[in-house]
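Descriptive analysis of the structure
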Amino acid sequence: MKFFIDTANLDEIREAHELGVLDGVTTNPSLMAKEGIKGRDNILRHYKAICDIVNGDVSAEVIATDFKGIVEEGELLASIDEKIVVKVPMIKDGVKAIRYFTDNNIKTNCTLVFSAGQALLAAKAGATYVSPFIGRIDDVGGDGLALIQQIVNIYNTHGFATEVLAASIRHVPHLIQCAEIGADVATCPLNVILGLLKHPLTDIGLEKFLADAKKTV
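Residues numbered from 1 in each chain as written. Predicted model: local features only at pLDDT ≥ 70, side-chain atom pairs only at ≥ 80, totals over all residues. Heavy atoms only, no water.

Quick notes on the sheet that holds strand S8 (residues 185-188)
What counts, and what does not: Strands are treated as partners if at least two bridges between them are detected by DSSP. Put simply, DSSP marks the helices as runs of H or I at least four residues long and the strands as runs of E at least two long, and each gets a number from the N terminus on. An axis is simply a line fitted to the C-alpha atoms; with a helix, the fit covers only the stretch in contact. Between two such axes, the angle follows the N-to-C directions and lies from 0 to 180 degrees.
Spatial ordering of the closed barrel is given by S1-S2-S3-S4-S5-S6-S7-S8, a layout of eight strands whose pairing is parallel. When strand polarity is set aside, the average angle formed by the axes of neighbouring strands in this sheet is 30°. Across two bridges, strand S6 (residues 129-132) lies against strand S7 (residues 163-166) in parallel orientation. Its bridge partner lying in S7, Tyr129 is registered against Glu163.

What follows is the structure, given as structure tokens:
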């Protein structure tokens, strides 16, 4: 399973990268705004700065919602760096744009996916990644993990190359369960990745080992 960090914060990206487990980055307009990144040129420079830190794919989201606008914006984003994956919303013109990008060797991440039918369309259009938002599904009384399992089963049955990128992951159990049911990628905040390190028995054991080591000096 690949680990992506869901942020536009360069310090957090560096920390995850230095941990040695980071495979990529996902961003969106909300995350850019959170970091105070405004204006097209500044946003493009920020994406380049992210690409310069990581070795893997960096999802950069389009703002346009019409086919022509999505294509123009996506081509601009893809020109920043070969690591850029154009993040396209699950709408009719978005699916059309994904097919266009696929035919022109531009990687894509179909975002805002909330059903197996949407995921099927994205795969048929050739999306590199599909991003089901499991936390948001749980928020409205659904079962986000069940959706991940359903999409994984459909893709495996029909041999789709599209990777299932579990998004809107809120906590460590979400991440572990996504790994168990076969998600190809999980994108989450830094605190969730670091949360995998924590276990009280590790802390207790380390404390005892250090205490015993002092006795041998």
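What to know about the nonpolar core
Going by this rule: We define the nonpolar core as a collection of buried residues of types Ala, Val, Leu, Ile, Met, Phe, Trp, Tyr and Cys that are connected through side-chain atoms lying within 4.5 Å of one another. Buried means the residue's accessible area, taken with a 1.4 Å probe over protein chains only, is under 20% of the maximum for its type, while exposed means over 50%, and partly exposed covers the values in between. What makes two residues a contact is simply this: any of their non-hydrogen atoms within 4.5 Å.
Residues Ile5, Ile13, Val25, Leu77, Ile84, Ile148 and Ile169 are the most contacted members of the largest nonpolar core, which totals 62 residues. Ignoring any residue separated from it by four or fewer positions in sequence, one finds Ile169 in contact with Ile134, His174, Leu175, Cys178, Ala186, Thr187, Cys188, Pro189 and Val192. With seven residues, the next largest nonpolar core counts Phe4, Val85, Tyr129 and Leu165 among its residues.

Let's talk about helix H11 (residues 200-215)
The test is simple: Expected helix span is taken as 1.5 Å per residue step, with the number of steps being one fewer than the number of residues.
Spanning 16 residues, H11 covers 23 Å between terminal C-alpha atoms, matching the ideal 22 Å at 1.5 Å per step. Judged by how many residues are buried, H11 sits mostly at the surface: zero of 16 residues are covered.

Side note on the pairing of S6
Rule in force here: Looking down the strands as they point away from you, a crossover is right-handed if its path from the first strand over the helix to the second goes clockwise.
Here S6 shows a buried face lined by Tyr129 and Ser131 and a second buried face lined by Val130 and Pro132. Pairing between strand S5 (residues 108-113) and S6: three bridges, direction parallel. Looking across to S6, one finds that Asn109 is bridged to Tyr129. Once the chain exits S5 it traverses helix H6 (residues 116-124) before rejoining the sheet at S6, and the crossover so formed is right-handed.

As for the packing of aromatic side chains
What counts, and what does not: Each aromatic pair joins two rings of Phe, Tyr and Trp (for Trp, the six-membered one) with centres within 6.5 Å, and gets the label stacked for planes under 30 degrees apart, edge-to-face for over 60, and tilted for any other angle. Whether a charge sits over a ring comes down to the Lys NZ or Arg CZ being within 6 Å of the ring centre and within 35 degrees of the ring normal.
Taken as a whole and judged by the stated rule, the model has five aromatic pairs. Considering the side-chain rings of Tyr100 and Phe101, the 5.8 Å spacing of their centres and the 70° angle between planes classify their relative orientation as edge-to-face. Note on Tyr100: relative accessible area 27%, which makes it partly exposed. Taken together, a centroid distance of 5.6 Å and an interplanar angle of 70° make the contact between Tyr155 and Phe160 edge-to-face. Directly above the aromatic system of Phe67 lies the positively charged group of Lys96, at a separation of 5.3 Å from the ring centroid.

So, to be careful, I would describe these as geometric facts and stop short of saying anything about function.
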